[in-house]
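Structural characterization, general
Next come the chains, spelled out residue by residue.
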Amino acid sequence: MLTSLAFIFLVGLSMAAICQRIKLPRIIGMLITGIVLGPYVLDLLDPSILSISADLRQMALIIILLKAGLSLNLEDLKKVGRPAIMMSFVPASFEILAFFLFAPCILDIDRISAAVMGSVLAAVSPAVVVPRMVSLMEEKYGTKKSIPHMIMAGASCDDIFVIVLFTTFTGMAQGGSANFMDFLNIPVSIVLGIILGAVTGYFLSWFFETTYALKNYVRNSMKVIIVLGVSFLLMAIETWLEGIVSVSGLLAVVSMACVIKLKSTEFVSKRLSEKFGKLWLAAEVLLFVLVGAAVDIRYTMDAGLAAVLMIFVALFFRSIGVLICMLKTPLRRKEQLFCVIAYLPKATVQAAIGSVPLAMGLSCGQIVLSVAVLAILITAPLGAIGMDLTYQTLLEKEDVLSLG
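This section reports on the structure supplied with the text. Computed from a predicted model, the values in this text were never measured in an experiment.

Points about the overall build of the chain
In terms of helices and strands, the chain carries 19 helices and 0 strands. Buried residues in the chain amount to 54% of all 404 residues. A sequence separation of at least 24 residues applies to 81% of the contacts in the chain between residues at least 6 apart. Accessible surface computed for the chain: about 18200 Å², of which carbon and sulfur atoms make up 67%.

Right under this line is the structure:
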């Protein structure tokens, strides 16, 4: 395992640096590293690390979500309100509709299989989007109209909506039927996740303040470890309650970080955010290399040009969904275009659930996995490059004036 970790960090960072040098996003180098080192090309990664790959990817995602929550300004989020809520389900719904309408013709599959495929492909990747939105907030691009906040909030909820639909459609494909309670789980999961995180964040803030008042100082590094441990527990609670009540662990993590920021002094929350930023340097490499390792490049050959056409048709529908969310907002055309670009990348959810229909023995399993792999290879670089190349042109930089 140690040799595998050495390959992941050293080769991953080297490839990321090469990509950065030739003006490509670092993520592309990391994804390529994962694909090449993974079991489907050179097979240099130890099976023991691949067996816990999903858990390691989740840990990395938790770190960037904590940094995101600690960077998020709730007042800014209130300003966007309706569009952020719409972004969490409208674009994904439009993309699933595109698969439902066109995949039977283009890919020669039945309607239920098309719905399953759509639910696998419709999720935006928070692992690609959230780090960039955090960076935009730090650089003050688009913050005057809270554009990064809106995209980040929408992307966090989007995954929950899509995964619940995926569970429903795979149940139908196995011969079951759609249950109203499955759809009710979507808002329940979101609301309970936010409440659980807010209560936990309030308790942690109270604990840190109390220890400080009693002169039992908790170092910021120790706070990071405590917050990380509690975050892992929040994710575990989602698993424990599965089948009883639906709770979003990822939203609970973001909500907890937001409340800690709200209740702490600005200096403390800024220091915590910086420390999670340093942790992210290692977590980022681990996340994207392991996402790449989960990509079976062989399946792209099976999918062919028809799958590429279907992916772009679905992205077109998704873009229409994003533009509908922007109606009656103060965003200008170029700012709306940036939102469309930011909602293109797919990676983590597709790598996590792309192979599930095949493992379940569904007839559409092979083609779903093939299209999911292609979608990662096409949209992750497309969205990442698109955001990196356009944000300075499409978004306004907020002037921060010191008043004194």
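Points about the packing of helix 4 (residues 53–71) against helix 9 (residues 126–139)
Look at helix 4 against helix 9: their axes get within 10 Å of each other, and the N-to-C directions meet at 30 degrees. On the basis of the axis angle, helix 4 is roughly parallel to helix 9. Seen along the crossing, helix 4 lies across helix 9 with a hand that is left-handed. Across the interface between the two elements, Leu 61, Ile 64, Leu 65, Lys 67, Ala 68 and Ser 71 from helix 4 touch Pro 126, Ala 127, Val 130, Pro 131, Val 134, Met 137 and Glu 138 from helix 9.

Things to note about unusual backbone geometry
Although it is not a glycine, Lys 140 sits at a positive phi angle of roughly 65 degrees. Counting through the fold element by element, Lys 140 comes out in the loop between helix 9 and helix 10 (147–173). Judged by its relative accessible area of 33%, Lys 140 is partly exposed. With a phi angle near 55 degrees, Ser 146 is a residue other than glycine that sits in the positive phi range. In this structure, Ser 146 sits in the loop between helix 9 and helix 10. Judged by relative accessible area, which is 0%, Ser 146 ranks as buried.

What to know about the packing of aromatic side chains
Per the counting criterion, the structure on display carries 6 aromatic pairs. Taken together, a centroid distance of 5.8 Å and an interplanar angle of 55 degrees make the contact between Phe 207 and Phe 208 tilted. Connected via pairs of aromatic rings, a cluster forms that spans Phe 102, Phe 316 and Phe 317. The ring of Phe 100 is capped by Arg 111, whose NZ or CZ atom sits 5.5 Å from the centre of that ring. In this arrangement the basic side chain of Lys 223 is found over the ring face of Phe 208, its NZ or CZ atom lying 5.2 Å from the centre.

Conventions and cut-offs
- Residues numbered from 1 in each chain as written.
- Predicted model: local features only at pLDDT ≥ 70, side-chain atom pairs only at ≥ 80, totals over all residues.
- Heavy atoms only, no water.
- Helix = DSSP H or I, 4+ residues; strand = E, 2+ residues; numbered from the N terminus.
- Buried < 20%, exposed > 50% of the residue type's maximum accessible area, 1.4 Å probe, protein only.
- Contact = heavy atoms within 4.5 Å.
- Areas by Shrake-Rupley, 256 points an atom, 1.4 Å probe, with all protein chains shown as cover.
- Axes fitted to C-alpha atoms, helices over the stretch in contact; angles between N-to-C directions.
- Parallel < 35°, antiparallel > 145°, perpendicular 65-115°, else oblique.
- Left-handed = near helix turned anticlockwise from the far one by under 90°.
- Phe/Tyr/Trp six-rings, centres within 6.5 Å; stacked < 30°, edge-to-face > 60°.
- Lys NZ or Arg CZ within 6 Å of the ring centre and 35° of its normal.

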